[in-house]
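One letter stands for each residue in the lines below.
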Amino acid sequence: MSETIVITDPDSDRYHTFGYISWWQQEVVRDATVLVVGAGALGNEVLKNLALMGIGRLIIADFDTIEDSNLSRSVLFRASDRGRRKVNAAAERVKELNPDVQVMTWHGDINFEMGLGVFRHVDAIIGCLDNREARLSINRFSWAIGKPWVDGAIQELMGIVRVFWPGRGACYECTLTDLDYQIIGLRYSCPLLARQNILQGKVPTTPTSAAIVAGFQTQEALKLIHGMEVQPGKAIMINGLTNDIYTTEYPVKEMCMSHSRLEPIVELPDAAGATITLADMLAMARETLGEEAVLEFDGELVVAMHCSNCGERAAVFQRMARLYESAADCPACGTKRDMDMTHRINGDEDFLERTLAEVDFPPLGILRARNGDKRIYYELTGDKQSFLNYV
Ligand SMILES: [Zn+2]
Ligand SMILES: [Zn+2]
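First, a word on what this report is: a plain description of the structure on this page. Note that the structure is a prediction, hence the values are computed from the model and not measured. (Residues numbered from 1 in each chain as written. Chains lettered and ligands numbered in written order. Predicted model: local features only at pLDDT ≥ 70, side-chain atom pairs only at ≥ 80, totals over all residues. Heavy atoms only, no water.)

### So, the overall build of the protein
Part 1 of the argument: Within the protein one finds ten helices and 14 strands.
Part 2 of the argument: Since a compact globule built from 391 residues should have a radius of gyration of about 21 Å, the 22 Å found for the protein is in line with a globular shape.
Part 3 of the argument: Counting only C-alpha atoms and orienting by the principal axes, one finds that the protein spans roughly 70 × 45 × 45 Å.
Part 4 of the argument: Looking at the protein as a whole, 50% of its 391 residues qualify as buried.
Part 5 of the argument: Of all intrachain contacts in the protein linking residues separated by at least 6 positions in sequence, the fraction that spans at least 24 positions is 67%.
Part 6 of the argument: Accessible surface computed for the protein: about 18500 Å², of which carbon and sulfur atoms make up 50%. (Helix = DSSP H or I, 4+ residues; strand = E, 2+ residues; numbered from the N terminus. Rg over C-alpha atoms; globule rule 2.2 N^0.38 Å. Buried < 20%, exposed > 50% of the residue type's maximum accessible area, 1.4 Å probe, protein only. Contact = heavy atoms within 4.5 Å. Areas by Shrake-Rupley, 256 points an atom, 1.4 Å probe, with all protein chains shown as cover.)

If you want it as structure tokens, here you go:
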């Protein structure tokens, strides 16, 4: 393989040095979009690296705010950032490091709140997470849309880096043991509104292990962007105490629950969540799949709540996964209200004129239409312009 080496002026080109690397293509890096999930210790380092390399567009996703204890491992945060959203401080510092980089911030819970289509419209996904639940979510999303992701994990001076690529070697869920499922299950033990618990979980980490693992993660993402070879389903194991670094390969699990691909995904370039209604979507589905077609959400949609004590009744139209337990309290008398919920739209609902946004469907979300075992997955591609809003 021979590539043209372009040597630029070091005084005017910040990427001058990369020009000496035979395979490095700055225009490929500049044209790439990377989704970084988690802006903690790993996320800070990954974002710093991507900014220095001149990545074109970054989506920074996190749900958290900055506290002083983050400052020992987060190169992008300052003491004055205390209380700010991590995504906002990180985006600001990325722009300082390199104004060429276009940044979009997303503050929310990756497990439930981001439209699946977002994952389709990026070139690499990097998980900078500290818990199994979010890794499992990203792994399932990655499988659903058929895109690789780069996982990193740190604890004290130990680190693991892994590329998971649907259909090519083991995925993250293939690596899970019964104990892992137990830990995940415990956190989900309250089926209703368990978000508060999921967002916890502190693992001791150091800025050195974060830098080392994030360095590897960024390199793997760089290879993915360049279409270079990676080793999906293998782990780079780093032991900073003994200085052992080795790779190990995971077996593929036969019955792995993540191995499920959404097919076919149909892009709807004119469908935006703010304007297209459930009735529109249902009509489209029936035209293709037949008159019995229904629309299906992945989780329950809480349509209304009503109080058996005082009779109070209110429309809700929010996904159950996004509601906190306190949302069930009756505002009039405090009793826990009963919920009307559904995950299927079959055409006899009295709210078909609601837009997708009005039933809490996320921007760039992917909605399942089904008739028996015939399925189509519709992406609200019309949201792309307004939602993927880089600055
Ligand atoms: Zn698997
Ligand atoms: Zn009441």
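### Observations concerning the coordination of the zinc ion (ligand 1)
Under ideal tetrahedral coordination, the four donors around a metal are separated by 109.5 degrees; under ideal octahedral coordination, the six donors are separated by 90 or 180 degrees.
Part 1 of the argument: Only Cys171 (SG), Cys174 (SG), Cys256 (SG) and His259 (NE2) from the protein coordinate the zinc ion (ligand 1), and they sit 2.1 to 2.3 Å from it.
Part 2 of the argument: Here the zinc ion (ligand 1) binds four donor atoms, and the angle range of 99 to 121° at the metal identifies the geometry as tetrahedral.
Part 3 of the argument: All donors of the zinc ion (ligand 1) come from a single chain, and their spacing in sequence reads C-x2-C-x81-C-x2-H. Taken together, the residues span a long stretch of sequence, with cysteine 174 in the loop between β6 (158-164) and α6 (178-187) and histidine 259 in the loop between β8 (244-249) and β9 (265-267) at a distance of 85 residues.
Part 4 of the argument: With a relative accessible area of 8%, cysteine 174 lands in the buried category.
Part 5 of the argument: On the accessibility criterion, histidine 259 (26% relative accessible area) is partly exposed. (Donors = N, O, S within 2.8 Å, 3.2 Å for Na, K, Ca; no water. Tetrahedral: all angles 85-135°; square planar, octahedral: opposite > 155°, others 65-115°.)

### Thoughts on the side chain of aspartate 180
Part 1 of the argument: Looking at the element boundaries, aspartate 180 is found in helix α6.
Part 2 of the argument: By relative accessible area, which is 12% here, aspartate 180 ends up buried.
Part 3 of the argument: One polar contact links the side chain of aspartate 180 to the main-chain amide nitrogen of threonine 177, over a distance of 2.8 Å.
Part 4 of the argument: Apart from the residues within four sequence positions on either side, aspartate 180 is in contact with Arg132 and Thr175. (Polar contact = N/O pair within 3.5 Å; in protein donor to acceptor, adjacent residues only side chain to side chain.)

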